[in-house]
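# Chain and residue survey
Each chain is listed here by its residues.
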Amino acid sequence: MADLLEVTDLHTQFFTRDGVVRAVDGVTFQVAAGETLGIVGESGCGKSVTALSLMRLIPQPPGKIVKGSIMFDGQDILKMDDDEVRGIRGNNIAMIFQDPMTSLNPVLTISRQISEALELHLKMDKSEARKRTIELLELVNIPSAKKRVDDYPHQFSGGMRQRVMIAMALSCNPKLILADEPTTALDVTIQAQILDLLKNLAREFRTAFILITHDLGVVAGMTQRINVMYAGRIVEKADTVELFANPKMPYTWGLLRSIPRLDESRKAKLVPIEGLPPDLIAPPPGCKFEPRCQYRRDVCKEKEPELKHVPGSKSDHEARCWGTQEGGWLVDTDWKREIGDTRLLEAIKQETASVTATPETPGE
Amino acid sequence: MNAARLLRGIHFEKVLKYTIRRLLLMIPTLFFVSLITFGLAKAAPGSPFDKNPDKPARQATIDRWNTYYGLDKPVHEQYILYMTNVLKFDFGISVVRQRPVSDIIGQGFPVTAQLGIQALLLALAVALPLGVISALRQNTIVDYGSLFFATVGTTIPSFVMAIFFIYIFALGLHLFPITGWGTPQHMVMPTVILALGAAAFLARITRASMLEAIRQDYVRTARSKGLREQVVIVGHVLKNAMIPVATVVGPAAAGLITGSFIIETFFSVPGIGREYVRSILALDYPVIMATTLLYAFFIVVANLSVDLVYGMLDPRIKVAK
Amino acid sequence: MATASTTQERSAELNVLVRKQRSLWGDALYRLMRNKAAVGGLIVIAAAFIIAGFAPLFAPYNPIEIPQNPASQMEPLWTGSKYTDPRYLLGTDFLGRDIVSRLMYASRVSMVVGFIPTAIVFGLGVSVGMVAGYFGGWLDQILMRFTDIIYAFPDFLFLLIIVASFRNSPFGKILDGLMLIFVAIAIVGWVGVARLTRGQVLALKEREFVEAARSVGAKPSRIMAKHLLPNALAPLIVTAAFAVPGAILGEATLSFLGVGIIPPTPSWGQMINEGFPLFAANPWAVLLPAICISVVMLAFTFVGDGLRDALDPRMKT
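Residues numbered from 1 in each chain as written. Chains lettered and ligands numbered in written order. Predicted model: local features only at pLDDT ≥ 70, side-chain atom pairs only at ≥ 80, totals over all residues.

## Section: the overall build of chain A
From N to C terminus, chain A includes 14 helices and 12 strands. When each of the 364 residues of chain A is scored for burial, the buried share is 44%. Long-range contacts, defined as pairs at least 24 residues apart, comprise 63% of the intrachain contacts of chain A with a sequence gap of at least 6. (Helix = DSSP H or I, 4+ residues; strand = E, 2+ residues; numbered from the N terminus. Buried ≥ 20, exposed ≤ 12 C-beta atoms within 10 Å, placed from the backbone. Contact = placed C-beta atoms within 7 Å.)

What follows is the structure in structure tokens.
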């Protein structure tokens, strides 16, 4: 069965005075109907731009989708004319944005903002749209929906506003919802509520989701599959469980290592990934992560690895790393031991000390 | 739909209370204004009766005039006398023209009001569309043209513009008379010149405000719902963009009021602005006082109306706190 | 293989952002210099300064003295009218005085009127505003009431009243009326600057670096001078850049209405005032000073806009 969404070799660039920024540099992935895909990465890695490209919301100057295809429900979005794309937006594909305070129009009532899409796409008249709007607000658990439907955004709290955004996205029963950092601007307790809401909605309406975030904790409980992005490319693709249990790319190891854990010893240090993301205008020729990678070798500087299936993992698990690919020097590396699980490391040290042999130093 | 929502948001009683409160607050301000004006006018050396340097008046004559006008009394008495009269709406008699000040104002005010209103309407009619279009068509000819217009209009003083206009249109093309008032032809140049400064200023603000509004996140949200660009601009952006513009219309109108006296002097338009300048030069105290208070009053009203309009447009602002 | 020097190399490698970093002021200057209009404006202003400063050297004739056999109301040479005199490049005014010389000497008035009152306004306004904002209390309250009253007065009206009231007094005759104009502009202008400074100080005073300075025992005067002032500087600079042409304009308008500079000293507004009755017959006597005012005002506006763009941290190059 064909996937709902098939993105092939997408390239989105921004033409600035300082040069061409290759924000999305060859991205290929699929989303099946009803599936939740997570896209994870640092700020500036291209995940948001990917989502905006799917809806063709990239501002035309200075941005441009220069290459690739986006097959949605069998049709290439990039080949559609403006009217067709507008027909899809809010209707078949909807988006939830990061900051609900600024993403809602402060001078329009939420009733108007939600009804707009209903009137436009589902051709409802005002009273039908209003009824449906109230239903949607109740669906996302906004109390006293009937009374509050004519309120303005500033009269809601942050969490409520995000629910309004979700209601807006759901309004026309889209097949795919793009959620760009939906909880980043919210308190931690509200985050949990919103994520629960999204999960329930996904299940109930069989909507496909693409969940974009920099927070691995968010994707862990929410997604079936994860793409890890870096410098405009996907550097690892796997099932969620597989990714957390058996990651095969040093960048992913770094991400996992840098999450603080409640069960760590107090003396354990947080180990960040050193360095800064690369310049997207003049990126280095080889692997984009190479300057920050502690496992790099000369080949990493010369040539960029391809995204390929890696040995020792499930069949659909791919990574972009010379070290972990067939014949690479990291194939047998146990990342937990290598990078950060200090209790394990302590245990190993004690083990080896008792045999009075020098502990292995991690490779450079 | 919009009118009903607007009216619903108004809560007439609250607005009325707010307005009354602001008007009452205006009184101490006007009081100080009158005090300062009076003090300055009185501190000026020279007498309104002694204006002709070739034929200096005899002291006895001056004394008689002073007594007649009550100018020989102590200064604070003069002030109190004047202010009590003001409260009775008696603004005294012009020292120079020997007519009741209310007459003079009554004659000049309609002219100035007409000039001001015409200029304001013209300015709005030109500036708002220009600002909006130039923001939407950035870096095109329209945009550069309107930026040029805005820069020139806000930089070059009105009387200088008037000079250029007169040279081209009156002297060169003989389209309009230079001075006077009465026929539509007479009205064109003063209105246009007066409107120019305000239009340039408003166009600039409108453009900047539109550009700012278009960059906002909610515009992206609106587009993501599949709305046509036109609907996004008109339905979502415009209302937000007009809020800062509405707040400057008040000061712009006040600027028109005060700019009018230069234009009136220049074009010999018989309004109160021209009277005002004359009265200042001639030290005609009653006229100076009355006109200054009138101007100050209008400025306060202009600012008040701005706050009210702002409260109507932006639902985040509660007018009466 | 991991040696000490490699850490440095590694840090260098890790900093893959290679774009140059500039200091804040250096960055502002760079941006300003890239703004062609602003640079053009600076050149014009510099030229005006030179002409004003060396007017006695440049001017071909005496601007005030009425010649013996005046050739009055001559047109500029390039108009080709029959009323030209080869001695006078831009013609003469109604008394036969050379316009070129008068324009040059008039530029002195404009330059001086632009900068001196502005300096006073800022010196006074910034000091008062800073003290009021920092210490608050009754001083602040008085200042606010004061500014409210002044705000009810349109700037120019106030200026007009002050100047008209005192121009017949001995004080008003100093420097041909220039002193009175300075003082009037200063009185009207300082309040706005004080209010602006106060606003800035109020915003900055709650920031952590002020708290830090206070906690190490810095005296208020030191805090104001070394911490508050530099951070408040940017909008003040822009305001100053626009205050200068405002002052020039004020003087020009006053002179145009007849209450400014006392003749025969020339100022551009003055020349317009004198030439206006004869506009139809001798238009260039009015047009030329009008053009001078326009050019100078535009120059200052471009520079002011350029400064504002250069100092705005949100602008991208």
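## Some thoughts on the overall build of chain B
The secondary structure content of chain B amounts to 12 helices and 0 strands. A buried classification covers 38% of the 321 residues belonging to chain B. Contacts spanning at least 24 positions in sequence make up 74% of the contacts within chain B whose residues lie at least 6 apart.

## A look at the pairing of strand 2 (residues 19–31) of chain A
All names here are of chain A. Direction of pairing for strand 1 (residues 5–16) relative to strand 2: antiparallel, over a ladder of 10 bridges. Each residue of the ladder has a partner; that of Val7, found in strand 2, is Phe29. From the end of strand 1 to the start of strand 2, which pair antiparallel, there are 2 residues. (Pairing = 2+ DSSP bridges.)

## A short note on the interface of chain B and chain C
The interface is formed by 33 residues belonging to chain B together with 34 residues belonging to chain C. The set of elements that each furnish at least two residues to the side of chain B that touches chain C consists of helix 2 (12–43), helix 6 (141–155), helix 7 (158–172), helix 10 (229–267), helix 11 (272–282) and helix 12 (285–313) of chain B. For the side of chain B that touches chain C, the per-class residue count stands at 25 nonpolar, 8 polar and no charged. (Nonpolar A, V, L, I, M, F, W, Y, C, P; charged D, E, K, R; others polar.)

## Structural notes on the sheet that holds strand 2 of chain A
Strand order across the open sheet formed by 4 strands is 2-1-4-5 (chain A), with antiparallel pairing between neighbours. Looking at strand neighbours, the two that pair on one side only are strand 2 and strand 5 (75–76) of chain A, the edges of this open sheet.

## What to know about the environment of Thr291(B)
Residue and element names in this part refer to chain B. Mapped onto the secondary structure, Thr291 falls in helix 12. The spatial distance from the C-alpha of Thr291 to the C-alpha of Pro184 is 27 Å, given a sequence separation of 107 residues. Residues within four places of Thr291 in sequence aside, it is in contact with Ile272, Glu275, Tyr276 and Ser279.

## Digging into the pairing of strand 1 of chain A
The side chains of a regular strand alternate, first on one face of the sheet and then on the other. Pairing analysis gives 8 bridges linking strand 1 of chain A to strand 4 (residues 63–72) of chain A, with the strands arranged antiparallel. Bridge pairing in strand 4 of chain A places His11(A) opposite Lys67(A).

## Notes on the sheet that holds strand 8 (residues 208–213) of chain A
Residues and elements named next belong to chain A. The strand order 6-7-8-3-9-10-12-11 describes an open sheet built from 8 strands, whose pairing is mixed. Where the open sheet ends on each side, the last strands, each with one partner, are strand 6 (93–96) and strand 11 (308–309). Summarising the sheet, strand 7 (residues 176–180) and strand 8 pair through 5 bridges and their orientation is parallel. Bridging across to strand 8, Ile177 finds its partner in Phe209. Sitting on the sheet, helix 7 (residues 158–170) touches strand 6 and strand 7, and the angle it makes with strand 6 is about 175 degrees. (Axes fitted to C-alpha atoms, helices over the stretch in contact; angles between N-to-C directions.)

## Some words on the confidence of the model for chain A
Residues and elements named next belong to chain A. Per-residue pLDDT for chain A averages 84, and the proportion of residues at 70 or more is 89%. By mean pLDDT, helix 14 (residues 342–354) is the weakest element of chain A at 58, and strand 6 is the strongest at 94. Low confidence marks residues 355–364, where pLDDT is under 50. Its contacts with residues over four positions away, or in another chain, come to 8 contacts. (pLDDT = per-residue confidence, 0-100.)

## Examining the nonpolar core
Among the nonpolar cores identified, the biggest contains 242 residues, and Ile210(A), Ala199(B), Leu202(B) and Val163(C) are the most heavily contacted of them. Apart from the residues lying within four places of it in its own chain, the contact partners of Val163(C) are Leu180(C), Ile181(C), Ala184(C), Leu254(C) and Val259(C). (Core = buried A, V, L, I, M, F, W, Y, C linked by C-beta atoms within 7 Å.)

## With respect to helix 10 of chain B
With 39 residues, helix 10 of chain B extends just 46 Å between its outermost C-alpha atoms, more than 12% less than the 57 Å of an ideal straight helix rising 1.5 Å per residue. Where helix 10 of chain B ends, the next residue or the one after it, Ser268(B), has phi of about 55 degrees, a positive value. (Expected span 1.5 Å × (residues − 1).)

## Here we look at unusual backbone geometry
Here the bond from Pro263(C) into Pro264(C) is cis, since omega is 10 degrees, no more than 30 degrees from zero. Mapping Pro264(C) onto the fold places it in the loop between helix 10 (220–257) and helix 11 (268–275). The phi dihedral of Arg56(A) falls on the positive side, at around 55 degrees, and the residue is not glycine. With respect to the helices, strands and loops of the structure, Arg56(A) is situated in the loop between helix 1 (47–54) and strand 4. Residue Asn141(A) is not a glycine yet carries a positive backbone phi of 65 degrees. Counting through the fold element by element, Asn141(A) comes out in the loop between helix 5 (126–139) and helix 6 (145–148).

## Describing the confidence of the model for chain B
Residues and elements named next belong to chain B. Mean pLDDT for chain B: 80, with 87% of residues reaching 70 or above. Looking over chain B, one finds the lowest element-wise mean pLDDT in helix 1 (residues 2–10), namely 54, and the highest in helix 9 (residues 217–224), namely 92. Of the two predicted TM-score estimates for the complex, the pTM is 0.78 and the ipTM is 0.81.

## Looking at the packing of helix 5 (residues 101–136) of chain B against helix 8 (residues 184–214) of chain B
Residues and elements named next belong to chain B. Put simply, helix 5 and helix 8 touch, their axes get as near as 6 Å, and they point 35 degrees apart. As helix 5 packs across helix 8, the resulting crossing turns out to be right-handed. Here the contact of helix 5 with helix 8 is composed, by residue class, of 22 nonpolar, 5 polar and 1 charged. (Left-handed = near helix turned anticlockwise from the far one by under 90°.)

## A short note on the environment of Phe29(A)
Residue and element names in this part refer to chain A. Considering the arrangement of structural elements, one finds Phe29 in strand 2. Exposure remark for Phe29: the 20 C-beta atoms within 10 Å place this residue in the buried category. Each C-alpha atom of the pair Phe29 and Leu5 lies 8.2 Å from the other, and the pair is 24 residues apart in sequence. The contacts of Phe29, once residues within four sequence positions are left out, are Val7, Asn227, Ile234 and Lys237.

## So, the environment of Ile116(C)
Looking at the secondary structure, you find Ile116(C) in helix 5 (residues 99–135). Placed 69 residues apart in sequence, Ile116(C) and Ile185(C) show a C-alpha to C-alpha distance of 9.9 Å.

## Looking at the packing of helix 5 of chain C against helix 12 (residues 284–311) of chain C
Residue and element names in this part refer to chain C. Across the interface, helix 5 lies against helix 12 with an axial gap of 11 Å and an inter-helix angle of 35 degrees. With respect to the hand of their crossing, helix 5 and helix 12 are arranged in right-handed fashion. Between helix 5, through Ile99, Leu103, Ala106 and Ser110, and helix 12, the contact on the second element is made entirely by Ala285, Leu288, Pro289, Cys292 and Val296. Residue composition of the contact of helix 5 with helix 12, grouped by class: 8 nonpolar, 1 polar and no charged.

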